[in-house]
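# Residue-level structure breakdown
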Amino acid sequence: MGSFVGHIDESIFFLCLAFWWMVNKFPRHIRSQWRKREYTTRVSYPLPTKKFIPLEAILKVLFPIGGLIGEFLTGGVALKDADGNFRKLSSMQHMSIYGLFLVHGLIDVVMSYGLPLPRGLDFLSAIAAFFWYGQSFGYHAHMHGKAELEMTIHVLPITTMYACSVAGIVELLDRHCFAASMTRIFCVLMLGTWFSQASFVMYKPFPLPGDILNPNWDQTDERNVNFIVASFGYHMILNVVIVTVVYLVCYAYLRFKGEGQNQFKLLVDEFQDDHVDQFTPLNSKTQADSSL
């Protein structure tokens with residue numbers, strides 16, 4: 001993560017994840033309101049195609065693998081110097097974060113195909129990944145030698161990471177809590193937009209991978225630090241607006257299709273939604289329980 005590419009890659013992943021959840025969760029919640037049924041949460045969503053493709057789960061595997069490779073190769077592969085002392089300590093912390101998200105992705109893929117793993121393990125692995133994300137960032141932000149601006153950029157999203165983990169716990173215990181789903185969407189969206197700005201503040205994009213500090217931002221200037229703190233609040237405002245607008249767009253789209261008025265259409269879509277929730281490839285009798 002110690003470069004422009006490392007941070008912008010993280011940002012793109014979280015933004016894609018948040019918008020993917022919104023366009024899948026919001027229509028389900030709207031339909032559940034119209035049908036007077038309980039909303040049911042899922043960890044991930046497959047592509048809406050006839051052939052079962054767990055796209056989200058697969059991307060959760062590929063992105064961490066890319067991050068692990070990048071961290072492992074940056075500055076050489078040796079984790080100890082000639083004197084036997086540990087080196088690349090920052091990269092080692094980053095690799096532990098990528099590792100937990102990779103484990104979550106693998107569990108998500110396996111459960112998507114209906115293999116017999118304990119119910120809720122997909123939620124638990126996601127909860128652990130976001131918890132360690134926040135915990136590790138707390139130590140990472142205060143590592144020796146970090147300037148105040150960089151430290152502030154890493155400290156501000158820690159609460160958001162913990163909140164995402166807590167939202168996952170609520171969803172694990174209550175699969176019908178839409179407020180927890182919205183909280184998780186908001187938190188991941190916050191991480192996406194925040195690391196977008198952080199990438200450009202801390203590093204020069206070119207030459208790639210962008211490991212040169214941005215000379216336009218004085219890392220020790222108190223005014224820059226205070227501006228970054230204020231920016232986090234504006235990110236919160238922006239993302240509340242984004243979540244609201246996307247929900248309204250989903251509602252308007254479904255009404256435009258006539259789903260709010262045509263009861264027969266609602267029954268047909270209800271059957272299709274249940275079919276997606278219960279579908280497992282290869283005619284497996286085991287229900288893939290990744291409901292979010």
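Owing to the predicted nature of the structure, the values given are computational and were not obtained by experimental measurement.

Attention now moves to the overall build of the protein chain. Each helix and strand counted, the protein chain has nine helices and one strand in total. Within the protein chain, buried positions represent 47% of all 292 residues. Long-range pairs, those at least 24 residues apart, make up 73% of the contacts in the protein chain between residues at least 6 apart in sequence. A total of about 14800 Å² of accessible surface is found on the protein chain, and carbon and sulfur atoms cover 69% of it.

For helix α7 (residues 178-202), built from 25 residues, the straight-helix expectation of 36 Å at 1.5 Å per residue is met to within 8% by its first-to-last C-alpha distance of 36 Å. Most of α7 sits out of view: 20 of its 25 residues are buried.

Let us look at the packing of helix α4 (residues 121-141) against helix α5 (residues 148-155). Packed helices, taken two at a time, are described by the angle between their axes plus the distance between the axes. α5 packs onto α4 with a crossing angle of 170 degrees between their chain directions and a minimal axis gap of 9 Å. The pairing of α4 with α5 is recorded here as roughly antiparallel in orientation. On α5, the residues touching Phe137, His140 and Ala141 of α4 are Met151, His154 and Val155. Taken together, the residues of the contact of α4 with α5 break down into four nonpolar, two polar and no charged.

What follows is about the side chain of His29. Along the chain, His29 turns up in helix α1 (residues 4-35). Beyond its immediate stretch of four places on either side in the chain, His29 contacts Tyr39, Phe178 and Tyr247.

Procedures and definitions
Sequence order as written defines the numbering, with residues in each chain counted from 1. Local features in this predicted model are restricted to residues of pLDDT 70 or higher, and side-chain atom pairs are both shown and tallied only at a pLDDT of 80 or more, whereas totals for entire chains, interfaces and linings draw on every residue. Excluding hydrogens and water, the side-chain values take into account all heavy atoms of the structure. Numbered from the N terminus, helices here are DSSP runs of H or I no shorter than four residues, and strands are runs of E no shorter than two. Accessibility here uses a 1.4 Å probe with only protein chains present; expressed as a share of the type maximum, an area under 20% marks a residue as buried, one over 50% as exposed, and anything in between as partly exposed. Should any heavy atoms of two residues lie within 4.5 Å, those residues are considered in contact. In this description, accessible areas are obtained by the Shrake-Rupley approach with a 1.4 Å probe, and a residue is regarded as covered only by the protein chains that are shown. An expected span of 1.5 Å times one less than the residue number is assigned to each helix. All axes are obtained by fitting lines to C-alpha atoms, using only the stretch in contact for helices, and the reported angles, taken between N-to-C directions, cover 0 to 180 degrees. For this classification, under 35 degrees means roughly parallel, over 145 means roughly antiparallel, 65 to 115 means roughly perpendicular, and everything else is oblique. Under the convention adopted here, Pro, Cys and the residues Ala, Val, Leu, Ile, Met, Phe, Trp and Tyr are nonpolar, Asp, Glu, Lys and Arg are charged, and Gly plus all remaining residues are polar.

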